[in-house]
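Structure assessment
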Amino acid sequence: MASAETAAEHERILREIESTDTNCIGPTLRSVYDGQEHGLFMDKLEGRIRNHDREIEKMCNHHFQGFVDSITELLKVRGEAQKLKCQVTETNQKLQNDGKELLTSMDELRQCRLQQRNIATTIDKLTHCLPVLEMYSKLQEQMRAKRYYPALRTLEQLEESCLPQAGSYRFCGIMSENIPRLRTHIRDVSMSDLKDFLESIRKHSDKIGETAMKQAQVQIARDNAVTSQQRSASGRRIRKEMCSGTEVDRTGNNPFSEKDSGILDVEEEDEIPGAQDLVDFSPVYRCLHIYTVLGARDTFENYYRKQRRKQARLVLQPHSNMHETLEGYRRYFNQIVGFFVVEDHILHTTQGLVNRAYVEELWELALSKTIAALRTHSSYCTDPDLILDLKNLIVLFADTLQGYGFPVNQLFDMLLEMRDQYGEVLLKKWNQSFRQILDQDNYSPIPVVSPEEYQRMAGQFPFQDPELDKMPFPKKLPFSEFVPKVYSQLKEFIYACLKYSEDLHLSSTEIDDMIRKSTNLLLTRTLSHCLQYAIKKKNVGLAELVQIIINTTHLEQSCHYLEEFISNITNVPPDTINATKLYGTSTFKDARHAAEEEIYTNLNQKIDQFLQLANYDWTAAQGGGQASDYLIDLIAFLCSTFAVFTHLPGNAIEHATLPGKVAQTACMSACKHLSTSLLQLLLEADVRQVSMGALQQFNVDVKECERFARAGPVPGFQGDTLLLAFIDLRQLLDLFTQWDWSTYLADYGRPTCKYLRVNPHTALALLEKMKDTSRKNNMFAQFRKNERDKQKLIDTVVKQLRNLIATNQA
């Protein structure tokens, strides 16, 4: 059993040796040597070899004849092969000889193909490099032309597209190294251009603002031209009123004339460039785009806004002498308008460089500082024309900025505040005008020698007198030059108030109320004070005071014409509810009353001056037969003075005043003052003794006064009314000259008493002066016998008077 397995194993090994490559037979043979049957295997191997040798021998024997035949054939072919070899060698030689030219051509072709390949490679490389070079050349050209934003775009394209495609060449490396430096250079140059732009607009904001305000003025003029046709009827009425106005109006100071009021003169047909056309904003746009591309937009926005805020503070800082001329205000406004025109343009042409909140913040700052500066500087102004021009300039300033969308209500509120200052300045100016008119007036009726002159005066002052119209020329108007001039100045003041109220977006009612209130201030404060000044000033005569009364009477009558005048120019009916009424009537009444009081005072002063000339001999034994010289002169003065009062207004219907009241009151006042002064003269302390002769002379003078009163120096007194002024003095003198003490003492206190107006104190004082205090030279000295009786009688009367006084006091 074991031998069979060994034989099978050996057979397997032999088959494996026969079929296996000799390179892999080692493991097979190792298994043989590792076994125990090595000799047996060798025997089997020898037997297998012998079998194969027998098979080879059989095969050779089988194919031997064919092999011999093949060798024989091969030997035959050898000769032919030798011939073929020679032919091939010869052919090869020929071929080699002929192939040299081909090889040369082939070599040339190879070189050409190599050059062609190199050229193609070069072309391909150049195809990638040329765009880089062209782009870089374009970049250099743009840099030289200062087209920095396109240059930055070219640089970006060069870096992101061209250079990566070109490959790693040395010039590409140099370009790549230069790109950051070029970006930095572009950024710095664009920032430098921006700084130049900011400096330029700071310097030229004045011109920009001036152009913008011209444009606004042209637009306002066009709007006014559209609406003027709607107001043509009222305009013709106003112009007609103006033509019948003051002489000053006709000389060119008409408030509606085309006079420059401090605003730029602009002809509507002139082509005015836009404010934005004066500024090249490309540096801002370029710098914004450049910084946006560079990723530093926030930095640029912050820098721009910071610099503009600084410039805003500089623009809003007014010059210290800005208030001196209108040009100072104009430059100030032009700069502010120019600043905000630029900002508004930047707001609408850039996306986010400035926003609405930033612009509104700047405007709020500008509005507050502008209003504060205007309040401060306008308070120094004392010229109403300058204030009016400033107001018109502020209105144009506000309208211009309102056209750009900025709120300007606070500016108009400030203009309403300035209206009060304008009114005060106007009042000061008109105060000087009124005083000048009053100082230069001759206080004489105006002579008129021709109908033309009469019509001219009627045009200046609304005076109507049918009786005067019927009188032939030459004739005299009752008032002096002061009346039409004052009336003209009142209308001028109303025009000046109207000028200020224009373009303030006020209603007609508000304008009417403002004008009336200002006119009332002019009447009650300024004109009233000026009239008081004219009345109270030194050396004013009675004739002047009388003329002032006449003048104020006519001015009082003209007040309703002023009411109508204001209603015409404001288109507000005078009977409107809550309409302010003019106080002119009360003003002129007060002035007239003051003039009347001044007349009374002056008359009394003149009477006192004459009484100072009185020189009575209080110890005279007998009185004279005629009145004292001083009293005759005084009566003559009073007669001539009261003759002046005949020029006063004629009747109540005509001038709304009591005609003779002033003259009557003055006459009664003068007589009462004369009576009182004579009594005081008689009772003054310096007169220690009065004789009966002195009383008789005094009685003659009083009778002269009574004759003056009885003669009626001023018409209108009923009966002996004027004599009542001297009744106290008359009863006192009758009591003493008639020595009727018994009647006086018996009837004292009764309504029917003959000496009802004699005061016991006055009688006692005079009686004391008649006592013989010197005991040497008294009025009874020549009657030695009656002296004691008289003295006793006087003493008795004195005692009775004292008892009477004591009884009444108890």
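Residues numbered from 1 in each chain as written. Predicted model: local features only at pLDDT ≥ 70, side-chain atom pairs only at ≥ 80, totals over all residues. Heavy atoms only, no water.

What to know about the environment of Asp795
- Within the secondary structure layout, Asp795 lies in helix α28 (residues 784-809).
- The exposure class of Asp795 is partly exposed, given its relative accessible area of 28%.
- Spatially, the C-alpha atom of Asp795 lies 9.1 Å from that of Leu767, the residues being 28 residues apart in sequence. (Helix = DSSP H or I, 4+ residues; strand = E, 2+ residues; numbered from the N terminus. Buried < 20%, exposed > 50% of the residue type's maximum accessible area, 1.4 Å probe, protein only.)

Concerning the packing of helix α9 (residues 297-315) against helix α10 (residues 326-349)
- For the pair α9 and α10, interaxial distance at closest approach is 10 Å and the crossing angle is 160°. Looking at the two axes, α9 sits roughly antiparallel to α10. Like other packed secondary-structure pairs, α9 and α10 cross with a definite hand, here left-handed. Together, Tyr304, Arg308, Gln311, Ala312 and Val315 of α9 and Tyr332, Gln335, Ile336, Phe339, Val342, Glu343 and Ile346 of α10 make up the contact between the two elements.
- Class assignment of the residues belonging to the contact of α9 with α10 gives a composition of eight nonpolar, two polar and two charged. (Axes fitted to C-alpha atoms, helices over the stretch in contact; angles between N-to-C directions. Parallel < 35°, antiparallel > 145°, perpendicular 65-115°, else oblique. Left-handed = near helix turned anticlockwise from the far one by under 90°. Contact = heavy atoms within 4.5 Å. Nonpolar A, V, L, I, M, F, W, Y, C, P; charged D, E, K, R; others polar.)

Details of a positive patch on the surface
- A cluster of like positive charges, contributed by Lys306, Lys310, Arg313 and Lys369, occupies part of the molecular surface.
- Ranked by the residues each element gives to the positive patch, the list is headed by α9, at three residues.
- Residue position: Lys310 is located in helix α9.
- The exposure class of Lys310 is partly exposed, given its relative accessible area of 42%. (Patch = residues over 30% accessible without salt bridge, like charges linked within 9 Å, V, L, I, M, F, W, Y side chains within 5 Å. Areas by Shrake-Rupley, 256 points an atom, 1.4 Å probe, with all protein chains shown as cover. Salt bridge = Lys/Arg side-chain N within 4 Å of Asp/Glu carboxyl O. Lys, Arg positive; Asp, Glu negative; His and termini not counted. Charge placed at Lys NZ, Arg CZ, Asp CG, Glu CD.)

Topic: the packing of aromatic side chains
- Enumeration according to the criterion identifies 28 aromatic pairs in this entry.
- With a centroid separation of 6.4 Å and 25° between ring planes, the pair formed by Phe642 and Phe708 is classed as stacked. One end of the pair, Phe642, is in helix α21 (residues 629-644); the other, Phe708, is in helix α24 (residues 692-710), with 66 residues separating them in the sequence.
- Overall, Phe642 belongs to the buried group, its relative accessible area being 2%. (Phe/Tyr/Trp six-rings, centres within 6.5 Å; stacked < 30°, edge-to-face > 60°.)

Notes on the confidence of the model for the protein chain
- Model confidence for the protein chain is summarised by a mean pLDDT of 79, while 88% of its residues fall at 70 or above.
- Looking at the elements of the protein chain, mean pLDDT is at its lowest for helix α22 (residues 652-655), recorded as 34, and at its highest for helix α16 (residues 482-501), recorded as 89.
- In this model, residues 233-270 is a region of pLDDT below 50 whose contacts with residues beyond four sequence positions or in other chains number 66 contacts.
- In the predicted structure, residues 773-783 sits below a pLDDT of 50 and forms 16 contacts with residues beyond four places in sequence or in another chain. (pLDDT = per-residue confidence, 0-100.)

With respect to a nonpolar patch on the surface
- Taken together, Phe64, Phe67, Val68, Ile71, Leu74, Leu75 and Val77 make up a surface patch of nonpolar side chains, about 660 Å² in accessible area.
- Along the chain, the position of Phe67 falls in helix α3 (residues 38-144).

Observations concerning the state of the cysteines
- Here the structure, examined in full by the defined rule, presents zero disulfides.
- With no disulfide of its own, Cys705 has Cys671 as its nearest cysteine by sulfur position, at a separation of 7.9 Å. (Disulfide = S-S within 2.5 Å.)

With respect to the pattern of salt bridges
- Following the criterion strictly, the structure yields 28 salt bridges and no others.
- Here Arg707 ties to Glu704 by a salt bridge, and the two come within 2.1 Å at their closest N and O atoms. Note that Arg707 and Glu704 are positioned in helix α24 at a spacing of three residues, about one turn of the helix.
- Salt bridges sharing common partners tie together Glu11, Arg15 and Arg48.

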